[in-house]
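Residue strings, one per chain:
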Amino acid sequence: MAQGKVTVNNLNLSQGATPEVERKLLFIGTCATGVGSVISLNSQSDLNILLGAAKSELKTQALAAQLNGGENWQAYAAPQKNNTDWRITASDAFSSVSVEGVVICSPATTKAAVVAIGDALESFRTTKARRLFALVATASISGTQTWATYETTQAAITNGVAAYRVACVPLLHGNDVGALAGRLCNRAVSIADSPMRVATGPVLGLGTSVLDKDGNPLSDATLAALDANRLSAVQRYVDYPGTYFGDCNLLDAPGGDYQVIEHLRVVDKAARAVRVLSIARVANRSFNSTPISIAANKTYFARPLRLMSQSTVFNGEHFPGEIKPPSDDAITIQWLSKTQVVIYLKLKPYNSPKDITANIVLDLASH
């Protein structure tokens, strides 16, 4: 004989959202207030209270980021003393916060320093599964330099560096790296947009541009030279009001896929989501080598791509998603053995015009 039994289990299909770290940055720099702590900031924060009334390199950049970040801007600040290793400060902060990138406010002055930052970011990725980019300040012009010598000095910092997660930003106005950080985190645009986007509006709150030793002002030619050497700088358009940004150039090797930050950001966002989905599939027999399982799991792993590709049409204008909708071949699943599987995912960004040529002709037809 037998007795009746009923068992009801709650099955977790991993269909929920993953925590968003995009548009959240960690500012690291010298500041007399709050040393050793991680301070949460948003668009309503009074930075004179949280970071002290005195001027500091950290507060200068955070203020510029707050102004350019728009409403619902969020960030973290990790004040430190002079000569403190930013890697230690960042590692301590990562025990309590998750961010998309770090803003290193203390200017890097040598190529070796930039290489070390790239190495540290790769170490954070491999040891802590933290996919980060770094916006790194470089020094403004000194009172003993001409713009020509300054261009040479700055070019030496990035020359030959292969660090695809690092962007170097000269402090031509004192707070350029903070302004760029805020622009990248403004929710009026997506992470797939370049900070060059003019429709976003001009850069806000830039400090006064400095003069060289001969009293010459910052020229568009110098800005173009810095950009050509893979530094990220503001730009201006003749007879068009406002100051804007150029590309946020990453120090990828020539021919690399991550020359600009918007390409890295969309791939990192997808990678973070796919990692969480993959963990939920470890030793799960519903993920197996049968055709029906492979088809089902292609749909499962394509979920982040579908979410990122969602677009909107409003008032006749198309607002594209962060990437194009995934095609049928966007996911490939390959079983190497009974216990080892490899998943390939393909993301396709939209084109974005950065060099526009308009040709005008006369139509002198008599009819």
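Residues numbered from 1 in each chain as written. Predicted model: local features only at pLDDT ≥ 70, side-chain atom pairs only at ≥ 80, totals over all residues. Heavy atoms only, no water.

### Overview of the environment of G101
Then, in step 1: Here G101 shows up in strand 4 (residues 101–108).
Then, in step 2: With a relative accessible area of 0%, G101 lands in the buried category.
Then, in step 3: Spatially, the C-alpha atoms of G101 and A221 are 30 Å apart, while their sequence positions differ by 120 residues.
Then, in step 4: Not counting the four nearest positions on each side in its chain, G101 is found in contact with K24, L25, L26, L132 and F133. (Helix = DSSP H or I, 4+ residues; strand = E, 2+ residues; numbered from the N terminus. Buried < 20%, exposed > 50% of the residue type's maximum accessible area, 1.4 Å probe, protein only. Contact = heavy atoms within 4.5 Å.)

### So, the pairing of strand 7 (residues 234–237)
Then, in step 1: Pairing geometry for strand 7 and strand 8 (residues 240–245), over 4 bridges, is antiparallel. Its bridge partner being in strand 8, Y237 is matched across the sheet by Y240.
Then, in step 2: Remark: 2 residues form the turn of the hairpin made by strand 7 and strand 8, two consecutive strands paired antiparallel; D239 in that turn has positive phi of roughly 60°. (Pairing = 2+ DSSP bridges.)

### Brief notes about the pattern of salt bridges
A side chain with one charge may pair with a side chain of the opposite charge, provided their charged atoms come close.
Then, in step 1: Tallied over the full model, the rule gives 15 salt bridges.
Then, in step 2: R187 is paired through a salt bridge with E20; the nearest N and O atoms lie 3.1 Å apart. Of the two residues, R187 sits in the loop between helix 6 (176–184) and helix 7 (220–228) while E20 sits in the segment before strand 1 (24–30), which places them 167 residues apart along the sequence.
Then, in step 3: Among the residues examined, R187 registers a relative accessible area of 34% and is labelled partly exposed.
Then, in step 4: Where R165 meets D268, a salt bridge forms, and the shortest distance between an N and an O atom there is 2.7 Å. Taken together, the residues span a long stretch of sequence, with R165 in the loop between helix 5 (147–158) and strand 6 (166–170) and D268 in helix 8 (residues 261–280) at a distance of 103 residues. The residues R165 and D268 share a single accessibility class, namely buried.
Then, in step 5: Connected via shared salt-bridge partners are E20, R23 and R187. (Salt bridge = Lys/Arg side-chain N within 4 Å of Asp/Glu carboxyl O.)

### Quick look at the sheet that holds strand 4
Then, in step 1: Reading across the sheet, the 6 strands line up as 2-3-1-4-5-6 and stay open at both edges, with mixed pairing between neighbours. Pairing within the sheet leaves two strands with one partner each, and these edge strands are strand 2 (39–42) and strand 6. Strand-to-strand twist in this sheet, taken as the mean axis angle between neighbours without regard to direction, amounts to 25°.
Then, in step 2: Across 7 bridges, strand 1 lies against strand 3 (residues 74–80) in parallel orientation. Its bridge partner being in strand 3, L26 is matched across the sheet by Y76.
Then, in step 3: Helix 2 (residues 57–69) contacts strand 1, strand 2, strand 3 and strand 4 of the sheet and is inclined by roughly 155° relative to strand 1. (Axes fitted to C-alpha atoms, helices over the stretch in contact; angles between N-to-C directions.)

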